[in-house]
Amino acid sequence: MRGLMILVAGPYRSGTNDDPALMRKNLDKLESVTLQLFRAGHLPVIGEWVALPLLKLAGSKAPGDAPYEEILYPVAGRLLQKCDAILRLEGESKGADEDIRIGRERGLQIYYNLADVPGCG
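Residues numbered from 1 in each chain as written. Predicted model: local features only at pLDDT ≥ 70, side-chain atom pairs only at ≥ 80, totals over all residues. Heavy atoms only, no water.

- Labelled according to an unreviewed UniProt entry, the chain appears under the name NUDIX hydrolase, originating from Dyadobacter fermentans.

## Digging into the pairing of strand β1 (residues 5-9)
Then, in step 1: The buried fraction of β1 is high, at four of five residues.
Then, in step 2: Sheet analysis places β1 next to strand β2 (residues 43-45), joined by three bridges and oriented parallel. When the bridges of β2 are listed, I6 appears paired with P44.
Then, in step 3: In this structure, β1 lies alongside strand β3 (residues 85-88), joined through four bridges in parallel fashion. Directly across from V8, in β3, lies its bridge partner L87. (Buried < 20%, exposed > 50% of the residue type's maximum accessible area, 1.4 Å probe, protein only. Helix = DSSP H or I, 4+ residues; strand = E, 2+ residues; numbered from the N terminus. Pairing = 2+ DSSP bridges.)

## Re the sheet that holds β2
Then, in step 1: Overall, parallel pairing links the four strands, which are arranged β2-β1-β3-β4 in an open sheet. Lying at the two open borders of the sheet, with one neighbouring strand each, are β2 and β4 (109-111). With strand direction ignored, the average angle separating the axes of adjacent strands in the sheet is 25°. (Axes fitted to C-alpha atoms, helices over the stretch in contact; angles between N-to-C directions.)

## Let's talk about unusual backbone geometry
Most peptide bonds are trans, and most residues other than glycine sit at a negative phi.
Then, in step 1: A positive phi angle is found at N17, which is not glycine, with a value near 55°.
Then, in step 2: In this structure, N17 sits in the loop between β1 and α1 (20-31).

Put into structure tokens, the structure is as follows:
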């Protein structure tokens, strides 16, 4: 089996009231599955890994400002043009739900449990 490029999707901003510490905690949760995916032969990606440096360069000052809206969600959409699968972690997230909608349209494999990803069970 060749490794998959897997978008890890779940809450980032949702439920944080834009508190940077809570957003970091959500990113830590997304990142918590990436080493296991990598060791199983896959390439895990998280939209924020690409978006956050771009937001800094674009001068974003707060979640929801113009650069944030220009960059954050479109990054995931572009990544999904390259990904083979999505691992949807639990928790309410409009962005992650949109990732799933796009992934289904593209016919991507969608996993809701790390153990269901090939090589991770």
